[in-house]
Amino acid sequence: MIDSNDVYISHITALWVWALLSQRGQRATSFETVPPPCFEGGLHSSNVQAARATLQEFLEVVDIPGEIDVLVQSNHQRHIVRNARTHTWKAQMPLGSYRRVCDNVLVCCPEFCLMQMSNSLSPVELALLTCALAGNYFPADCSKGFIETRGILNLMSLERFLSDVPSRTMGIRRCGKALSYAFEGPRSPMESATALLLTMGRRDGGYHLPRPTLNHRINLGRAARQISGTDHYVIDFYWPQIRFGLEYNGIEYHTNVSRDLRRELALSEEGITIQALTIEQVLDQAQLRSVVRRIAELHGLRLHRPPAGCPQARYNLINALFPWDPDLRKFRQPRYAIPQEFCLEA
């Protein structure tokens, strides 16, 4: 039932809500779908303040940093509502765009968040956001650079949602393109960025390799279990057609040499070849091209001469996927990253 005191949370604030709820194992589908907003009587600043307090209590956080994103009826409302970043949506809203998470607080579903964000993000940024939503992490200003989640949406549900939206709706084409690039199940921003670099089209700056499965589980046979001491392994990037995998050697994982050797031997027993991949290799085009060439040859593919403009496109893509800040000496966070004070794992 629609209440005149309802507040419609949107954009970045909505993304934060779903990321934190995902840590509890809750997705948007866990909550009641509501009809499109009617904005009966308009939105008042007092409603926003009340909704903010309700949402803080519901999420069990001390405070929600900055202004919260809310949807309002018109541009006139944008100028009279305080303590919020106000937005409008002129097109017809897709069915199921909002979910009621608690009293007088309705949050736009993750799929609709993508549509709302589509015009303020580049195609690469939108693809990275899609990967985060379909993965097991969300960017955050904490020590690891992300919080772990249990998946905010899956790509199939996003495809269904977009298929029900009229083709001329704002953001639908950009979201469709991001969906075609995105991967299910990445566990970190680096995995998403590396997967996109390896598989995006050459005119976009990528290497146009066949798409791997991310974080693919391999169940081990008896001999491999005796070597490894475990019944399965998860491979970061896996191409089942050629039984080849890449293991991303980041700071957080894969730093135990003897463990990694047992892993390599056990997977070799299963007929699977593993190659390590470091961030230094990813960012060095000569080293990465050697890895790419090996994967292409195993697929029986030939690396053709890059099309005109490819070197500049690749340079631009790498800078977009791995935005290094030389002053801070770390990768810049996207503007939708969860602030440190809002992280449950900060």
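Quick note: structure is the one above.
Here is what the cut-offs are and how they apply
Residues numbered from 1 in each chain as written. Predicted model: local features only at pLDDT ≥ 70, side-chain atom pairs only at ≥ 80, totals over all residues. Heavy atoms only, no water. Pairing = 2+ DSSP bridges. Helix = DSSP H or I, 4+ residues; strand = E, 2+ residues; numbered from the N terminus. Axes fitted to C-alpha atoms, helices over the stretch in contact; angles between N-to-C directions. Contact = heavy atoms within 4.5 Å. Core = buried A, V, L, I, M, F, W, Y, C linked by side-chain atoms within 4.5 Å. Buried < 20%, exposed > 50% of the residue type's maximum accessible area, 1.4 Å probe, protein only. Phe/Tyr/Trp six-rings, centres within 6.5 Å; stacked < 30°, edge-to-face > 60°. Lys NZ or Arg CZ within 6 Å of the ring centre and 35° of its normal. Expected span 1.5 Å × (residues − 1). Arc of directions from axis to C-beta. Polar contact = N/O pair within 3.5 Å; in protein donor to acceptor, adjacent residues only side chain to side chain. Salt bridge = Lys/Arg side-chain N within 4 Å of Asp/Glu carboxyl O.

Caption draft 1: Local environment of the sheet that holds strand β9 (residues 213–219). Overall, mixed pairing links the four strands, which are arranged β9-β10-β11-β12 in an open sheet. Each edge of the open sheet is held by one strand with a lone partner, namely β9 and β12 (273–277). Strand after strand, the sheet turns through a mean of 50 degrees between neighbouring axes, direction not considered. In this sheet, strand β10 (residues 232–239) lies alongside β9 in antiparallel orientation, the contact comprising six bridges. Following the sheet pairing, R217 is matched in β10 by V234. Sheet strands touched by helix α8 (residues 189–199): β9, β10, β11 (244–248) and β12. Its angle to β10, the strand with the most contacts, is close to 35 degrees.

Caption draft 2: Spotlight on the nonpolar core. Membership of the largest hydrophobic core comes to 104 residues, with the highest contact counts inside it found for F138 and I338. Residues L220, Y238, L267 and I272 belong to the second largest nonpolar core, which totals ten residues.

Caption draft 3: Fine view of the pairing of β11. With five of five residues buried, β11 lies mostly within the body of the structure. In β11, alternate side chains face the same way, and those of F244, L246 and Y248 on one face and G245 and E247 on the other are all buried. By the bridge criterion, three bridges tie β10 to β11 in an arrangement that is antiparallel. Its bridge partner being in β11, F237 is matched across the sheet by L246. Of the pairings in the sheet, the one linking β11 to β12 comprises five bridges and is parallel in character. What sits directly across from E247, in β12, is A276.

Caption draft 4: A look at the packing of aromatic side chains. Across all of its chains, the model carries ten aromatic pairs by this definition. A centroid spacing of 5.9 Å and a plane angle of 55 degrees characterise the contact between W18 and F31, whose relative ring orientation is tilted. Taken as a pair, W18 in helix α1 (residues 11–23) and F31 in the loop between α1 and β2 (32–34) lie far apart in primary sequence, 13 residues in all. The same class applies to W18 as to F31, namely buried. Judged by centre distance (6.3 Å) and plane angle (40 degrees), the rings of W239 and F244 are tilted. You'll find W239 and F244 in the same group, each marked buried. Counting every residue linked through ring pairs, the aromatic cluster contains Y8, W89, Y98 and F112. In this structure, R24 is placed above the aromatic ring of F58, and the distance from its NZ or CZ to the ring centre is 5.6 Å. Residue placement shows R314 over the ring face of Y207; its charged tip is 3.8 Å from the ring centre.

Caption draft 5: Here's a closer look at helix α12 (residues 285–298). Its 14 residues place the ends of α12 20 Å apart at the C-alpha level, agreeing with the 20 Å of an ideal helix rising 1.5 Å per residue. Of all the residues in α12, the buried ones are L288, V291, V292, I295 and A296. Around the axis of α12, the buried residues are gathered within 135 degrees of arc, so they sit on the same side. α12 presents A286 and E297 as exposed residues on the side facing more than 90 degrees away from its buried surface. Here the buried face of α12 lies against α8, β10, β11, β12 and α11 (279–283). The N-terminus of α12 is capped by D284, whose side-chain oxygen sits 3.0 Å from the backbone nitrogen of A286. With its phi angle positive at about 75 degrees, G300 sits one or two positions after the end of α12.

Caption draft 6: Looking closely at the pairing of strand β3 (residues 68–71). Here β3 shows no split at all, with I68 and V70 on one side and D69 and L71 on the other all buried. Here β3 pairs with strand β4 (residues 84–87) via four bridges, running parallel. Pairing of V70 across the sheet is with T86, part of β4.

Caption draft 7: Layout of the pattern of salt bridges. A full pass over the atoms with the stated rule returns seven salt bridges. Between D236 and R187 there is a salt bridge, with the nearest N and O atoms lying 3.0 Å from each other. Of the two residues, D236 is situated in strand β10 and R187 in the loop between α7 (172–181) and α8; the sequence distance between them amounts to 49 residues. The class of R187 is partly exposed, set by a relative accessible area of 32%. Counted as one network, the salt bridges with shared partners bring together R187, E191 and D236.

Caption draft 8: Up close: the environment of F244. Mapping F244 onto the fold places it in strand β11. We classify F244 as buried; its relative accessible area is 1%. Taking C-alpha positions, F244 is 5.7 Å from I272, a pair spaced 28 residues apart along the chain. Once residues within four sequence positions are removed from consideration, F244 is found in contact with F237, Y238, W239, T273, Q275, R294, I295 and L298.

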